[in-house]
Amino acid sequence: MNPGNLIPVPDTIPVHWAWFQVLLIVTFVLHLLFMNAMLGSAIMALLREFKIDKDADAMNFQTAEKLPYTIAFTVNMGVAPLLFIQVLYGHFIYTSSILMAVYWLSIILLLILAYYAAYIYDFKFNAMGRSRTIFICISVILLLWIGFVFTNNMVMMIQPDTWSAYFRNPFGTLLALKDPMLVPRYLHFVLASVAVAGLLQAIFWTVKKKESVSDKAVRSGLNWFAWGTCIQFAVGIWFLVALPEDKMMLFMGRAPLQTFLLALGVLLGGAAIFTAARNKVWTTAALALATVVDMVLVRDLLRSAYLKPYFSPKQLTVVPEYSSMILFLVSFSAGIVIIAYMIKLAVAAGKEA
């Protein structure tokens, strides 16, 4: 069967596709930062729960207070990139979502449960004692599963040649379990969240200097970042060699842009590990942010390489309608300003606490 026959006809778009491409990258970077803070900090808190230590409890108390907010920010910041990927690649992601509809639709319920578990972990932190571990464990497991479902969808959407499996399983329960890049891609995402969350912990406790646990918490956060990033290098190599040869070679010399961006990401990540080892929190943060942006660009180029035989956003038909784009840009800019102001207030409150 010709996979192209299974791809729906794309919708028209109101402005040039490049607008949506840039907005997809920008909003996805923002979503990724919040998502990493959410998942990584939850994983770190769960692991610290098994360490009977006053300093660990102090760090977990801070995590517990902020986890419900990071979940909310992650969900809200995830709406925009999901919409933009639907605008550009809707006929791919809608199809893959239908193929795994049971898992995809379950995300809403599972996210609510993870949210409630995080709230209980926050509000009952002292009252429940060590039994609170149950709730952070529930939240982490659900968030990890949601991430796994998203990874499956992103893998299936770029491979229309696998969609014919629907005719053997039309029940909405397909997953990309046999794809060799699924596991390393997922682990790369999880390890990135732990690394970034560790760095955010270091930033938080650098700002909150007057706490007795601050120095230990900063060093601990930088260690999480450094080791998480080191392990990412190994998983990244696994991810790279798991790609089909024609895709892999694009990032190993065959395509200059892809090769440059991958090499740049490796250099930035290595430099961030170096500065983290020397307790340079803000330099590490700048390098880490640059690495995240670079890896998002690499991810986008990989998706384009997979879909090249079937589609390019350049093929989308433009039916001019600028008012909706202007309204979004105004609303998005206002939202960013408000979020930045809220974070500023939170930081100021942390200094005074």
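Residues numbered from 1 in each chain as written. Predicted model: local features only at pLDDT ≥ 70, side-chain atom pairs only at ≥ 80, totals over all residues. Heavy atoms only, no water.

Okay, the nonpolar core next. The biggest cluster of nonpolar side chains holds 79 residues, and the ones touching the most others in it are Tyr89, Phe92, Ile136, Met157, Met181 and Leu243. Those elements that provide at least two residues to this core are α1 (17-48), α2 (54-99), α3 (101-123), α4 (133-157), α5 (182-207), α6 (214-242), α7 (245-254) and α9 (281-307). When residues in this core are grouped by element, the largest group, 15 residues, is from α1. Grouped together as the second largest cluster of nonpolar side chains are 19 residues, Ile203, Leu222, Phe225 and Ala276 included. (Core = buried A, V, L, I, M, F, W, Y, C linked by side-chain atoms within 4.5 Å. Buried < 20%, exposed > 50% of the residue type's maximum accessible area, 1.4 Å probe, protein only. Helix = DSSP H or I, 4+ residues; strand = E, 2+ residues; numbered from the N terminus.)

Applying the stated criterion across every chain yields a total of 18 aromatic pairs. Seen from their ring centres, phenylalanine 61 and phenylalanine 125 are 5.5 Å apart, and the 70 degrees between their planes marks the pair as edge-to-face. Taken together, the positions of phenylalanine 61 in helix α2 and phenylalanine 125 in the loop between α3 and α4 put the pair 64 residues apart, joining distant regions of the chain. By relative accessible area, which is 29% here, phenylalanine 61 ends up partly exposed. Plain terms: the ring middles of phenylalanine 92 and phenylalanine 311 are 5.6 Å apart, the flat faces sit at 45 degrees to each other, and that makes the pair tilted. One end of the pair, phenylalanine 92, is in helix α2; the other, phenylalanine 311, is in the loop between α9 and α10 (323-352), with 219 residues separating them in the sequence. (Phe/Tyr/Trp six-rings, centres within 6.5 Å; stacked < 30°, edge-to-face > 60°.)

Unfilled space is identified by rolling a water-sized probe across the atoms. For the structure shown, the criterion picks out one cavity of 30 Å³ or more. Quantified by volume, the largest cavity comes out at close to 50 Å³. Lining the largest cavity are Met154, Met157, Ile158, Arg185, Arg299 and Arg303. Elements represented by at least two residues in the lining of the largest cavity include exactly α4 and α9. (1 Å grid on protein atoms, 1.4 Å probe; cavity = no way out; pocket = protein on both sides within 12 Å on 5 of 7 lines; lining within 4 Å. Points joined across faces, edges and corners; volume = space filled by probe spheres on them.)

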